[in-house]
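Coordinate inspection notes
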Amino acid sequence: MPIRVLDPQVISRIAAGEVVERPASVVKELVENSLDAGATQVSVEVRGEGGVNQLRVIDNGSGIPSDEVELAFARYTTSKIASLDDLGSLLSLGFRGEALFSIAAVAEVDIVTCTADEVIGSYLSLKGGEVINRGSQGRSPGTTVTVSHLFRRVPARLKFLKSPTTENSHIANVVSRYALAFPEVRFRLSIDGRETLRTPGSGRLLDTMAKVYGLELAQNMLEIKSQGGKGGVLPMVTGMIGSPVINRSNRDYISLLVNRRWVGNRRLVWAVEQAYHGLLGVGKHPVAVVNVSLSPQEVDVNIHPTKAEVKFRDEGAVFSLVQRAVRNTLVELTPVPEISKLATTYRIAEPGRGISTATYLSPSLPLAQTPAASLPVLRIIGQFRSSYIIAEGPDGLYLIDQHAAHERIRFEQIKEQRLHRQVEVQGLLEPVTIEASPQQKERLRTRLDNLAEFGFVIEPFGEKTFLVRTVPALLAARDWRAMLRELLDSAEGKEDWEERIMMLIACHSAIRAGQLLSDSEMDELVRQLEQVAIPNTCPHGRPTIIRFGLGQLNREFGRT
Ligand code: ADP
Ligand code: MG
């Protein structure tokens, strides 16, 4: 093919692809526009197919003068900068003048807008990037943008979208982050007619956190002892961080804001996590909303069309500022002894470290293929550190990780019960309410049937609470709330959802590391382990049992 200039329509679709990746990107751009327009109320309505059918953002911001409305949809048209120099003092979220143009290239758009000076507002409809209708319409000052049939003419993009539940949860995520970044703004999110989030707009971050994440979490937040900003000079770090008693199994609860723009800067997220070093267990992550305010000259937001990434002039300085702010807050507000205590707890939990000569019974060994006889008869010798069972077999010494082993036993048990639809259920005397963030709520709502099959009978109850009526009998005396939380925070698609539920029930109902066991309890555990089909790994694939062969021990001691 000879080189040619692309058709303008093709160009605009290609360009739109950079800005509009999925329904949540549209929401992000429109919400940013509302915030730039000084809105104190922003309402997001999502209707059908995870927002593909319709998305609407309504604000009470400045509005667009009627003679500029059409221009707003042209490419590179913005009221936020006039020259390159303005980037150096940029405090608005937008400036590239691409969003409305890009959205109109891949969807049908209607806008109704009115400024405070105008008697009557204006409306404009676009299809395929072309204006198909315009006129006057009454409206209180502000703007309503309705985006319909997103990607209808871009089937390739449509194919890449995930399930409506997942797309809705991305949208809930975007709205939650901006609600956290702008606590003085009242946000409302409704998905398919259900109100998923409503924030008070009181200006207090804690009030917004309570709405987004629930009261329980909000009660355990610490206000950052603001760092920097001496004499009102930037940079400065502010926000709230979770006390170490709160932890989550992923990083979704860390919101990093730079001049109140939500950014995904891995190094800064890491700075926050580093500050918790020694305070959280392995694989656990903190909850935090951290805002770095700094002079626009110190940060370049123009490195990606979605502006989700930023570049700092002095990244190292920002990194240590954030780390210090978080660390100082933690050290001052949490008792120090916890640090060493926690550190030893998870040292115990690392199985098999440093035993270089141990043979791990990998599933490929013949042992695994003969279920009933897969483990030799073992004689229990004792328990080490309340975590490992020491046993003797015909061909060597065995160390069993009691938690991992019991996890495997439980997992098989649950699978069996589920297969025969004989899951044992424990009714709660009083139904218990649990709170869910907007994102969790979406996940929970669509999985209620699934959960019921495993013994969790849960019903929606109010704005963001659910009523738990029964729990799996195996978890009745355990912290099943923590289990549910972990389940709802785990990213989708990694494993099959049922598998994930089984793994978590197994993990949370299993004997813990650090629990002292009697001889008969150890006997029972080993006997049960002998019965399961795959005795030598836990459901996560870690070993449950390690063997030190006699020959190997003899060699180690120089006996051969
Ligand atoms: P940018 O935000 O980068 O300027 P956009 O394409 O998102 O580019 O918007 C173009 C222009 O339309 C903005 O600069 C602003 O003047 C106007 N605009 C868009 N949305 C709104 C809104 N909700 N309220 C007021 N003005 C808006
Ligand atoms: Mg914009």
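For the structure itself, consult the block above.
Residues numbered from 1 in each chain as written. Chains lettered and ligands numbered in written order. Predicted model: local features only at pLDDT ≥ 70, side-chain atom pairs only at ≥ 80, totals over all residues. Heavy atoms only, no water.

Further remarks concern the pairing of strand E3 (residues 108-114). Most of E3 is tucked away, with five of its seven residues classed as buried. In this structure, E3 lies alongside strand E6 (residues 142-148), joined through seven bridges in antiparallel fashion. Its bridge partner lying in E6, Val109 is registered against Val147. Relative to strand E4 (residues 121-127), E3 runs antiparallel, the two being bridged by five bridges. Counterpart to Thr113 in the pairing with E4 is Ser122. Between the end of E3 and the start of E4, which pair antiparallel, lie six residues. (Buried < 20%, exposed > 50% of the residue type's maximum accessible area, 1.4 Å probe, protein only. Helix = DSSP H or I, 4+ residues; strand = E, 2+ residues; numbered from the N terminus. Pairing = 2+ DSSP bridges.)

Here we take up the side chain of Asp59. Among the structural elements, Asp59 can be located in strand E2 (residues 54-59). Of the side chains with opposite charge, Arg139 lies nearest to the buried Asp59, which makes no salt bridge, at 5.4 Å. Among the polar contacts listed, one links the side chain of Asp59 to the side chain of Ser34, at a separation of 2.7 Å. (Lys, Arg positive; Asp, Glu negative; His and termini not counted. Salt bridge = Lys/Arg side-chain N within 4 Å of Asp/Glu carboxyl O. Polar contact = N/O pair within 3.5 Å; in protein donor to acceptor, adjacent residues only side chain to side chain.)

The tally for this structure, following the rule as stated, stands at 24 salt bridges. Arg251 is the partner of Glu273 in a salt bridge, and the nearest nitrogen-oxygen pair spans 2.4 Å. Placement of Glu273 in helix H9 (residues 266-275) and of Arg251 in the loop between strand E11 (236-242) and strand E12 (254-258) is noted, with a sequence separation of 22 residues between them. Here Arg251 falls in the partly exposed class, since its relative accessible area comes to 47%.

For the rest of this paragraph, the subject is the site of ligand 1. Around ligand 1 there are 20 residues in total, and Asn33, Thr78, Ser79, Lys80 and Gly97 lie nearest to it. One of the side-chain nitrogen or oxygen atoms of Ser79 is found 2.5 Å away from an oxygen atom of ligand 1. Thr143 has a polar side-chain atom sitting 3.4 Å from a nitrogen atom of ligand 1. Protein contact buries 93% of the 530 Å² of open area that ligand 1 shows by itself. If you list the elements that add at least two residues to the shell around ligand 1, you get helix H2 (23-36) and helix H4 (99-106). A per-class count over the shell around ligand 1 returns six nonpolar, ten polar and four charged. (Near = heavy atom within 4 Å. Areas by Shrake-Rupley, 256 points an atom, 1.4 Å probe, with all protein chains shown as cover. Nonpolar A, V, L, I, M, F, W, Y, C, P; charged D, E, K, R; others polar.)

A few words now on the side chain of Thr144. Looking at the secondary structure, you find Thr144 in strand E6. You can call Thr144 buried: its relative accessible area is 14%. Of note is the side chain of Thr144, whose polar atom sits 2.9 Å from the side chain of Arg139. Aside from chain neighbours lying at most four places away, what touches Thr144 is Arg56, Val57, Ile58, Asp110, Ile111, Val112 and Arg139. (Contact = heavy atoms within 4.5 Å.)

This paragraph deals with the packing of aromatic side chains. A full pass over the atoms with the stated rule returns four aromatic pairs. An angle of 25 degrees between the planes, with centres 6.3 Å apart, marks the rings of Phe384 and Tyr388 as stacked. Tyr388 gets classed as buried once you look at its relative accessible area, which sits at 12%. Here the basic side chain of Arg267 rests over the ring of Phe319, its NZ or CZ set 4.7 Å away from the ring centre. The ring of Trp497 is capped by Arg447, whose NZ or CZ atom sits 4.4 Å from the centre of that ring. (Phe/Tyr/Trp six-rings, centres within 6.5 Å; stacked < 30°, edge-to-face > 60°. Lys NZ or Arg CZ within 6 Å of the ring centre and 35° of its normal.)

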